[in-house]
Amino acid sequence: MAKIRAKISGIHAWVPPYILTNKELESMVETSDEWIVSRTGIHERHILKGEGLGTSDMGAEAVRGLLKKTGTKPEEIELMICATVTPDMLFPATANIISDKVGIKNAFSFDINAACSGLLYSLVTASKFIESGTYKKVIVVGADKMSSITDYTNRETCVLFGDAAGAILLEPTTEEVGIMDSILQTDGSGRVHLHMKAGGSVKPSSHETIDAKEHFIYQEGQPVFKFAVTKMADVAAEIMERNKLSSHDIAYLVPHQANLRIIEATARRMGVEKEQVMINIERYGNTTSGTIPLCLWEWENKLKKGDNIIIAAFGGGFTWGSIWVKWAY
Ligand code: UT7
C-alpha cells in the first residue's frame, strides 16, 4: 500500500488592524527607529486592541477564513491543534475555545506549548495522526497575542513582538508531496534565558508578582540570540543534508521571524539566496506561533506544487526544529 503523507491543503492568516510603529514606540520607551531596524529588522507590528479579545479570537478569524477558502465545513474537522504561549486562560485549551467559536463539533482539540517552535511541533504532531490513516482533516492553528505578556515599559522586549494568527489544513495524500521529514529538539536548561516568572504553579499570581512585573516575557537577548543563530542554522542544514537537498533544490526557506540577523545567518548557512527566503518581520515583528503561517499565507500565490520548502524555528524552552515540506498545490 502506498505511504500516506500529510499534505498542506490550505493556509490562511489574520492580523489585527492596529499597527504599532517604531515611531509610536519612540514615544513610549527610550528607543529609536534606527536601533530597532538595525538590530532586529522590524518596522511595525500589529496589536490586538479591544476589551475581552484574546488569542482565540484571532485564531477563530484565521480558521473561519481557512474553512471558507478551502470549502470545508466545520463539522468535517476531526482534530484541531493550537500552538500558543498566550492561551486565553490557563485552562481549558485555546484550541477548544477556537473550535467552539467556529462551530467545529466533531473534533478533539488541544494546545501545544513550544513557544516559537510551537507551529513546527504542532504540524509534526498533526501529521502523525494523518499518516496513521485514521484522520482525514486536521487544522493546526498558530496564534499568539504577545501584547498580553509584553511589558511596554521594557525597551528590550516591547519592540520585538506582535500579535497574529494563522491556520493550516492538513489532509492525507499518497502523492510525493506534503510533510516529508522533520527534526524537533528541546533543551529545557535554556528556560533560564527566556520565560515568564509567575502565574504558574511554582509562583502563582499575587500582588507581589504583579508589582515585580513577573507576568511579562523575561528574555536575556544575547544568549538567546547565540543559541538561535546556531541551532536554527544547524537543524536547517541537517534536514537538507540527510535528504540530499542542495540549495538549488529549495524553493523557499521559511524561518521563524525573531530577528532579521538570525534569519540571514540561517540562510547563509544553507547557501540560499535572499529571494529564496520568506521574510516579513519588518511588518509583523515576532508573533511567536504566528510567524510561519503568516509567511506561507503571504507567499501562497507564488508557491507551486512540488516546491521544496524548509521551515525552521527556534524559541523559548529552548525548542527548535526544521521540517521539509513539498508544497501540494
Ligand atoms: O523568538 C524567540 C527567540 N528570541 C530571539 O530569537 C531573540 C534573540 N535576541 C535578539 O534578537 C537580540 O538579542 C535583541 C534584538 C533582543 C537585542 O539585540 P542585541 O544586539 O543583542 O542588543 P543587546 O541586548 O546587546 O543590547 C545592546 C544595547 C544595550 O545598551 P548598552 O548596555 O550597550 O548600553 C541595551 O540596553 O542596546 C540597548 N537596547 C536598546 N536601545 C535602544 C536594548 N534594547 C533597546 C531598544 N532601543 N529597544
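Residues numbered from 1 in each chain as written. Predicted model: local features only at pLDDT ≥ 70, side-chain atom pairs only at ≥ 80, totals over all residues. Heavy atoms only, no water.

Things to note about the overall build of the protein
Going by this rule: Helical segments are the DSSP runs of H or I of at least four residues, strand segments are the runs of E of at least two, and each set is numbered from the N terminus. Taken over C-alpha atoms, the radius of gyration is set against a globule rule of 2.2 Å times the number of residues to the power 0.38. Only protein chains enter the accessibility calculation, which uses a 1.4 Å probe; a residue whose area is less than 20% of its type maximum is buried, one above 50% is exposed, and one in between is partly exposed. The contact rule is simple, with two residues in contact once any of their heavy atoms fall within 4.5 Å. We get accessible surface area from the Shrake-Rupley algorithm with a probe of 1.4 Å; when it comes to residues, only the shown protein chains can shield them. In this tally, Asp and Glu contribute negative charge and Lys and Arg positive charge; neither His nor the terminal groups of the chain are included. To locate a charge, take NZ of a lysine, CZ of an arginine, CG of an aspartate or CD of a glutamate.
From N to C terminus, the protein includes 11 helices and 13 strands. Relative to its length of 329 residues, the protein is compact, with a C-alpha radius of gyration of 19 Å against a globular reference of 20 Å. C-alpha atoms of the protein, sized along the principal axes, occupy 60 × 45 × 35 Å. The buried share of the protein, reckoned over its 329 residues, is 55%. In the protein, the share of contacts with a sequence separation of at least 24, taken over all contacts with a separation of at least 6, comes to 76%. Of the accessible surface of the protein, which amounts to about 14200 Å², a share of 53% is contributed by carbon and sulfur atoms. With 35 positive and 40 negative side-chain charges, the protein shows a separation of 4 Å between the mean positions of the two kinds.

Considerations on helix H5 (residues 118–131)
Let me state the cut-off plainly: Between the first and last residue of a helix there are one fewer steps than residues, each counted as 1.5 Å, and that sum is the expected span.
An ideal rise of 1.5 Å per residue puts 20 Å on 14 residues; H5 measures up with 20 Å between its terminal C-alpha atoms. Of the residues making up H5, those classed as buried are Gly118, Leu119, Leu120, Tyr121, Ser122, Leu123, Val124, Ala126, Ser127 and Ile130. Of the residues trailing H5, Gly133 is marked for its positive phi of about 90°.

So, the packing of aromatic side chains
Put simply, the test is: Under the pairing criterion, centres of Phe, Tyr and Trp rings, with the six-membered ring standing for Trp, must be within 6.5 Å; the plane angle then separates stacked pairs below 30 degrees from edge-to-face pairs above 60, leaving the rest tilted. Throughout this description, the term charge over a ring refers to an Arg CZ or Lys NZ atom that lies within 6 Å of the ring centre and within 35 degrees of the ring normal.
The tally for this structure, following the rule as stated, stands at 8 aromatic pairs. Taken together, a centroid distance of 5.0 Å and an interplanar angle of 50° make the contact between Phe314 and Phe318 tilted. Every member of this aromatic cluster is reached through a ring pair, and the members are Phe108, Phe110, Phe129 and Tyr135. Against the face of Tyr18 rests Lys49, its NZ or CZ located 4.5 Å from the ring centre. It is Lys197 that lies over the ring of Tyr218; its NZ or CZ is 3.9 Å from the centre.

A few points about the side chain of Ser9
Quick note on the threshold: Between N or O atoms, a polar contact is any pair within 3.5 Å; within protein, one atom must be a potential hydrogen donor and the other a potential acceptor, and residues adjacent in sequence are included only when both atoms are from side chains.
Locating Ser9 in the fold gives a position in strand E1 (residues 5–14). Polar side-chain contacts of Ser9 include one of 2.5 Å to the side chain of Glu171. With near-sequence residues (within four places) excluded, Ser9 lies in contact with Thr70, Leu169, Leu170, Glu171 and Tyr329.

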